[in-house]
Amino acid sequence: MSFEDIDENDIQINEDEGSLAVGFKVPTSVQVPTSYLSTLRKYKDIYNDIYKQIEVSNKIYKYNSLVGNAVDVLIDFAVTDVKPNATGNKTLDNILQYWFENVNGHNTNTLPGIYNVAQEIALEWFTSGNAFPYTKWSNEVVNKQQFKLPTSITLINPKSIEIPSGPIAFGQEIIYLKYDSDLLSKIQKDGRSDPESALIKQAIPRSVLNSIQKKKFGFGGVRLNPKYITHIKRRSKSYQAWGIPYLSRCFAAVSILEKLRELDESISTGLLNLITIFKIGTEDHPATRDRLRKFANLIRNPKATTTLVWAHDVTVEQVGPDGKILAFKNKYEDAKQDVLTALGVPKTLMSMNQQGDAWTSILSLIERLTNWRKIISLWLVKIMKQIAQFNGFDDVSLSVKWDRMNLTKESEVKNLILAFYDRGLISTHTALQESGYDFDNELSNKKKEQNKIKYFLPPELPFSGKDNNPSNNQRPNDTNPKMTKNQIKKTQTKNETINLQPEKKVEPNVKAK
């Protein structure tokens, strides 16, 4: 606050028995923006309330830069392209490949493909620790044939889910969709006069819609069919209804980190709003009323000058926070390290300094992400089995294949692939695919180069013969390509016979006497 900003109403002058004091109105406290973690501090029993934990986890991911970036790193490395492995049935292979590429193709709020579904599940897993994918089945045409497929997979908000704890103890999970008065009012309207109501009725699965319309509620909601709803929960025991939110372990560390930031903001704001006190006179010679008034007018209307005439009994004091704490550069390091430790993310992936063996930390992260992949693979195989059963395909082996994570050392992996290929342990298709190349594309390129490969061969050497140059990606040989197999065999046998004959000893010429 500057003197130019002081209004006449901001000045108070008190007179008491010949003395006078001038005061300026200043804020009684520094205004700090409300922290999003205020809910974390006001919840006294947050660790026993899963809905409050999910709410705080979502806010931390959304607003905290360190946590949000760490979660994004986990998702980016964990989620890669995933494809179904061959089942041995060409028709089923085409169906599964079509479904992997086109699921949610009719939804307007997301992109098609299992890759995007995996992205959403990963976000729920690494924040709230509980994902509820709901499948909606319909008939779909694949290669001019009609099949029953889960054309839509929607993640239900965990805060809209109710799970009774009683049946969980006996290995049975019953999932309810909480009652929503606004949704119920929309469904009860006539879709012909209300387009929004018509769209809602079209999007909601038929079984859920019938239960809502008939008001078949239990535990404050509608029971969801276990054939279509799956609860993917993190680190949960069989008798626990909910998974543990991934971010719950960093609540305390993030709260401390935010308090440090609030402290810096308060100090910075306080330094900008320092209170300046002018003391005039001494105990033996107090300032007169007239002198105080003149000094007050002087500071209210300051004039720029580099020359001051100052009395010996005028002193200046400033009241405000001490800014020395702002110079402590490492006060955030412990809090940040606690957050990263809770998340299990190495510093190297966050562009921060790493002490010790960084590769060991990355290996532990790979295991963590691989565990998530295994769980999602089990869920995908479950859906694939339903697709096979609904469409009459029995006794088939189903599995999925994830692309390699970029956390591995690419040079070492490619050297290993090349060694396996040279020893005939893997196919050409696998070698190219694991090296990052498309087999069909490379095969097409090889066919196009069939007649042009001669331009990339070494020049012919004298007396070497034309047949010694490699052609068609073959090694040079000593046989005539026009010879039949029998002729080649006879030639090789003849050469071996000649090589096996013992050498004749040459006797020296001795003249007879």
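Criteria and cut-off values
Residues numbered from 1 in each chain as written. Predicted model: local features only at pLDDT ≥ 70, side-chain atom pairs only at ≥ 80, totals over all residues. Heavy atoms only, no water. Helix = DSSP H or I, 4+ residues; strand = E, 2+ residues; numbered from the N terminus. Buried < 20%, exposed > 50% of the residue type's maximum accessible area, 1.4 Å probe, protein only. Contact = heavy atoms within 4.5 Å. Areas by Shrake-Rupley, 256 points an atom, 1.4 Å probe, with all protein chains shown as cover. Lys, Arg positive; Asp, Glu negative; His and termini not counted. Salt bridge = Lys/Arg side-chain N within 4 Å of Asp/Glu carboxyl O. Patch = residues over 30% accessible without salt bridge, like charges linked within 9 Å, V, L, I, M, F, W, Y side chains within 5 Å. Expected span 1.5 Å × (residues − 1). pLDDT = per-residue confidence, 0-100. Axes fitted to C-alpha atoms, helices over the stretch in contact; angles between N-to-C directions. Parallel < 35°, antiparallel > 145°, perpendicular 65-115°, else oblique. Nonpolar A, V, L, I, M, F, W, Y, C, P; charged D, E, K, R; others polar. Core = buried A, V, L, I, M, F, W, Y, C linked by side-chain atoms within 4.5 Å. Polar contact = N/O pair within 3.5 Å; in protein donor to acceptor, adjacent residues only side chain to side chain. Pairing = 2+ DSSP bridges. Phe/Tyr/Trp six-rings, centres within 6.5 Å; stacked < 30°, edge-to-face > 60°.

Peer 1: Honestly, the overall build of the protein in this entry has me stumped. Any pointers?
Peer 2: Each helix and strand in the protein was counted, giving 16 helices and 13 strands. In the protein, buried positions account for 31% of the 513 residues. Taking contacts inside the protein between residues at least 6 apart in sequence as the whole, the part at least 24 apart equals 65%. Accessible area for the protein stands at about 34,500 Å²; split by element, carbon and sulfur atoms hold 51% of it.

Peer 1: Help me understand the side chain of R234 in this model?
Peer 2: Within the secondary structure, R234 is located in the loop between β10 (232-233) and α9 (251-272). Although R234 lies buried, it forms no salt bridge, and the closest oppositely charged side chain, E124, sits 12 Å away as judged by the N-O distance. Beyond its immediate chain neighbours, meaning those up to four positions away, R234 contacts W125, G129, G243, I244, P245 and Y246.

Peer 1: Is there a simple way to think about a nonpolar patch on the surface in this case?
Peer 2: Together, I275, I277 and V319 make up an exposed nonpolar region whose accessible area comes to about 200 Å². Note that V319 resides in strand β12 (residues 314-319). The exposure class of V319 is partly exposed, given its relative accessible area of 40%.

Peer 1: For this particular structure, what's the right way to read helix α5 (residues 114-125)?
Peer 2: End to end, α5 covers 16 Å across 12 residues, agreeing with the expected 16 Å (1.5 Å per residue, within 8%). Taken together, the buried positions of α5 are occupied by I114, N116, V117, A118, I121, A122, E124 and W125.

Peer 1: What's the story with the confidence of the model for the protein in this structure? I'm lost.
Peer 2: Any region with low pLDDT has predicted coordinates that should not be read closely. Mean pLDDT for the protein: 77, with 72% of residues reaching 70 or above. Of the regions scoring below 50 in pLDDT, residues 1-6 engages in 12 contacts with residues more than four places distant in sequence or in other chains. Segment residues 26-36 is flagged for pLDDT under 50; beyond a separation of four residues in sequence, or across chains, it makes 15 contacts in the model.

Peer 1: Mind showing me how you'd approach the packing of helix α2 (residues 50-63) against helix α3 (residues 65-78) here?
Peer 2: When two helices pack together, you describe them by how their axes are tilted relative to each other and by the distance separating the axes. Two elements in contact, α2 and α3, have axes separated by 5 Å at closest approach and are oriented at 95 degrees. Of the possible angle classes, the one that applies to α2 and α3 is roughly perpendicular. Residues I60, Y61 and Y63 of α2 form the contact with α3, whose own contacting residues are S65, V67, G68, V71 and D72. Its residues assigned to classes, the contact of α2 with α3 shows five nonpolar, two polar and one charged.

Peer 1: What is the right way to read the nonpolar core from this model?
Peer 2: Note on soluble globular proteins: their nonpolar side chains tend to be buried together. Counting residues in hydrophobic clusters, the biggest one holds 62 residues, and the most contacted among them are W99, F126, L247, L343, W372, W379 and L380. With 13 residues, the top contributor of residues to this core is helix α12 (residues 358-390). Excluding residues within four positions of it along the chain, W99 makes contact with I114, L149, P150, I153, L380, I383, M384 and I387. Counting 20 residues, the second largest nonpolar core, distinct from the first, contains I54, L209, V222 and L224.

Peer 1: When you look at the environment of T87 in this model, what are you seeing that I'm missing?
Peer 2: Inspection of the secondary structure puts T87 in the loop between β3 (82-84) and α4 (90-102). Apart from the residues lying within four places of it in its own chain, the contact partners of T87 are L92, D93, L96, S397 and L398. At 3.3 Å, the side chain of T87 forms a polar contact with the backbone nitrogen of N89. Polar side-chain contacts of T87 include one of 2.6 Å to the side chain of D93.

Peer 1: Looking at this structure, how should I read the environment of L443?
Peer 2: Along the chain, L443 falls in helix α15 (residues 439-448). On the accessibility criterion, L443 (38% relative accessible area) is partly exposed.

Peer 1: What exactly am I supposed to notice about the sheet that holds strand β9 (residues 221-223) here?
Peer 2: Strand pairs in the sheet, formed through backbone hydrogen bonds, run parallel or antiparallel to each other. Judged by pairing direction, the sheet is antiparallel, and its three strands sit side by side in the order β7-β8-β9 without closing on themselves. Each end of this open sheet is capped by a strand with a single partner; those strands are β7 (161-162) and β9. Bridge analysis of β7 against strand β8 (residues 176-178) gives two bridges, and the strand direction is antiparallel. In the sheet register, E162 faces β8, and the bridge partner there is Y176.

Peer 1: In this structure, what is going on with the packing of aromatic side chains? I would like to understand it.
Peer 2: Note on aromatic pairs: each is described by the distance of the centres and the angle between the planes. In the structure shown here, the tally under the stated rule is eight aromatic pairs. A ring pair is formed by F126 and Y246, whose centres lie 5.2 Å apart and whose planes are at 90 degrees; its orientation type is edge-to-face. With F126 in the loop between α5 and β4 (130-131) and Y246 in the loop between β10 and α9, the pair connects residues that are 120 residues apart, well separated along the chain. The exposure classification of F126 matches that of Y246, with both residues buried. The interplanar angle of 65 degrees and the centroid separation of 6.3 Å between the aromatic rings of Y134 and Y228 together place this pair among those described as edge-to-face. Of this pair, Y134 sits in strand β5 (residues 133-142) while Y228 sits in the loop between β9 and β10, and the two are 94 residues apart along the sequence. Put simply, the rings of Y51, F132 and W242 touch in pairs and so form one group of aromatic residues.

Peer 1: Looking at this structure, how should I read the pattern of salt bridges?
Peer 2: Pairing between side chains of opposite charge can happen when their charged atoms approach one another. Applying the stated criterion across every chain yields a total of five salt bridges. With a closest N to O distance of 3.0 Å, K279 and E317 form a salt bridge. Separated by 38 residues along the polypeptide, K279 in strand β11 (residues 275-280) and E317 in strand β12 bring together distant segments of the chain. In this structure, R291 engages D313 in a salt bridge whose closest nitrogen and oxygen atoms are separated by 2.8 Å. Linking R291 in helix α10 (residues 289-300) with D313 in the loop between α10 and β12, this pair joins segments that are 22 residues apart in sequence. Its relative accessible area of 28% is what places R291 among the partly exposed residues.

Peer 1: In this structure, what is going on with the pairing of β5? I would like to understand it.
Peer 2: Across a regular strand the side chains alternate sides, sitting on one face of the sheet and then on the other. Examined bridge by bridge, β5 and strand β6 (residues 145-155) share 10 bridges and lie antiparallel to one another. Counterpart to N139 in the pairing with β6 is K148. If you look at the hairpin formed by β5 and β6, you'll find two residues sitting between the two strands, and N143 has a positive phi there, around 55 degrees.

Peer 1: Is there a simple way to think about unusual backbone geometry in this case?
Peer 2: What is expected of a backbone is that most residues other than glycine have negative phi and most peptide bonds are trans. Positive phi is not limited to glycine here, since N104 has a value of about 65 degrees. Position of N104 relative to the elements: it lies in the loop between α4 and α5. If you check the backbone angles, R235 has positive phi at about 50 degrees while not being a glycine. As for its position among the elements, R235 is in the loop between β10 and α9.

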